[in-house]
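A look at the structure
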Amino acid sequence: MPDFEHKNLATPDETRTPPHAKLEIVNLAGGVVARATYAPGWRWSNDIKPIAGTDWCEVDHAGYIVSGRIHIKMAGGEELECGAGEIVTLTGQHDAWVIGNEPCVMIDWGAVANFGKA
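Anyway, here's the lowdown on the structure attached to this text. Note that the structure is predicted; figures quoted are calculated from it, not measured. (Residues numbered from 1 in each chain as written. Predicted model: local features only at pLDDT ≥ 70, side-chain atom pairs only at ≥ 80, totals over all residues. Heavy atoms only, no water.)

Next up on the list: the sheet that holds strand β8 (residues 94-99). One open sheet accounts for three strands, arranged β6-β5-β8; its pairing is antiparallel. Two strands lie at the open edges of the sheet, namely β6 (79-83) and β8, each paired on one side alone. Strand-to-strand twist across the sheet, computed as the mean angle between neighbouring axes with direction ignored, equals 20°. Two elements, strand β5 (residues 69-74) and β8, share six bridges in a ladder whose sense is antiparallel. For Ile70, the partnering residue across the bridge sits in β8 and is Val98. (Pairing = 2+ DSSP bridges. Helix = DSSP H or I, 4+ residues; strand = E, 2+ residues; numbered from the N terminus. Axes fitted to C-alpha atoms, helices over the stretch in contact; angles between N-to-C directions.)

Spelled out as structure tokens, the structure:
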């Protein structure tokens, strides 16, 4: 692993555009970091489920909400809503959707290497 790495999300290594979302990805030796922008109306079960082919999102997330709000429902029934300035970690199966008319922007350094990838 290199002594240091320096990348900028303004010039990502990869950009993915699943429905109602934009994922700007930088690859680092220590893992992947993504800036995910979810448009109003985005919902995992509507927009990513057909790509993932699973009933629930199974990606573990660790992220910081830059702006907007997102509602998360775990397969076990627990629910939470997160907004700007908050940090969230998710493991296990879940659904999520944008709340309101503002995009939800999240910096995610979880296991997002294949998230939203066909």
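Next up on the list: the pairing of strand β7 (residues 87-90). Each regular strand displays side chains that alternate between the two surfaces of the sheet. Side chains Val88 and Leu90 of β7 all project onto a buried face; the interleaved residues Ile87 and Thr89 project onto a face where none is buried. For strand β4 (residues 61-67) and β7, the ladder comprises four bridges, and the chain directions are antiparallel. The residue of β7 that forms the bridge with His61 is Leu90. (Buried < 20%, exposed > 50% of the residue type's maximum accessible area, 1.4 Å probe, protein only.)

A separate point is the packing of aromatic side chains. Here a ring pair, both rings aromatic, is described through the centre-centre distance and the interplanar angle of the planes. This structure, assessed with the given rule, holds one aromatic pair. It is Arg43 that lies over the ring of Trp97; its NZ or CZ is 3.8 Å from the centre. (Phe/Tyr/Trp six-rings, centres within 6.5 Å; stacked < 30°, edge-to-face > 60°. Lys NZ or Arg CZ within 6 Å of the ring centre and 35° of its normal.)

Within the secondary structure layout, Glu24 lies in strand β2 (residues 21-28). Take Glu24: its relative accessible area is 11%, and that puts it in the buried class. A distance of 2.7 Å separates a polar atom in the side chain of Glu24 from a polar atom in the side chain of Arg35. For Glu24, the residues in contact, after removing those within four places along its chain, are Leu9, Pro12, Glu14, Thr15, Val33, Ala34 and Arg35. (Polar contact = N/O pair within 3.5 Å; in protein donor to acceptor, adjacent residues only side chain to side chain. Contact = heavy atoms within 4.5 Å.)

The antiparallel open sheet is built from six strands, whose spatial order is β1-β2-β3-β9-β4-β7. Both outer strands of the open sheet, β1 (14-16) and β7, are each paired with one neighbouring strand and no more. Each neighbouring strand pair of the sheet contributes to a mean axis angle of 25°, computed without reference to strand direction. In terms of strand pairing, strand β3 (residues 31-38) meets strand β9 (residues 104-108) through five bridges, oriented antiparallel. Paired with Thr37 across the two strands is Val105, which belongs to β9.

Positive phi, close to 60°, is recorded for His20, a residue that is not glycine. Considering the arrangement of structural elements, one finds His20 in the loop between β1 and β2.

Attention shifts here to empty space enclosed by the protein. Overall, the coordinates contain two cavities of 30 Å³ or more when judged by the stated rule. For the largest cavity, the calculated volume is near 120 Å³. Around the largest cavity, the lining comprises 14 residues; the ones closest to its centre are Tyr38, His61, Ile70, Leu90 and Ala96. Every element with two or more residues in the lining of the largest cavity is listed here: β4, β5, β7 and β8. Taken together, the residues that form the lining of the largest cavity break down as 12 nonpolar, two polar and no charged. (1 Å grid on protein atoms, 1.4 Å probe; cavity = no way out; pocket = protein on both sides within 12 Å on 5 of 7 lines; lining within 4 Å. Points joined across faces, edges and corners; volume = space filled by probe spheres on them. Nonpolar A, V, L, I, M, F, W, Y, C, P; charged D, E, K, R; others polar.)

These figures come from the coordinates and say nothing about function on their own.
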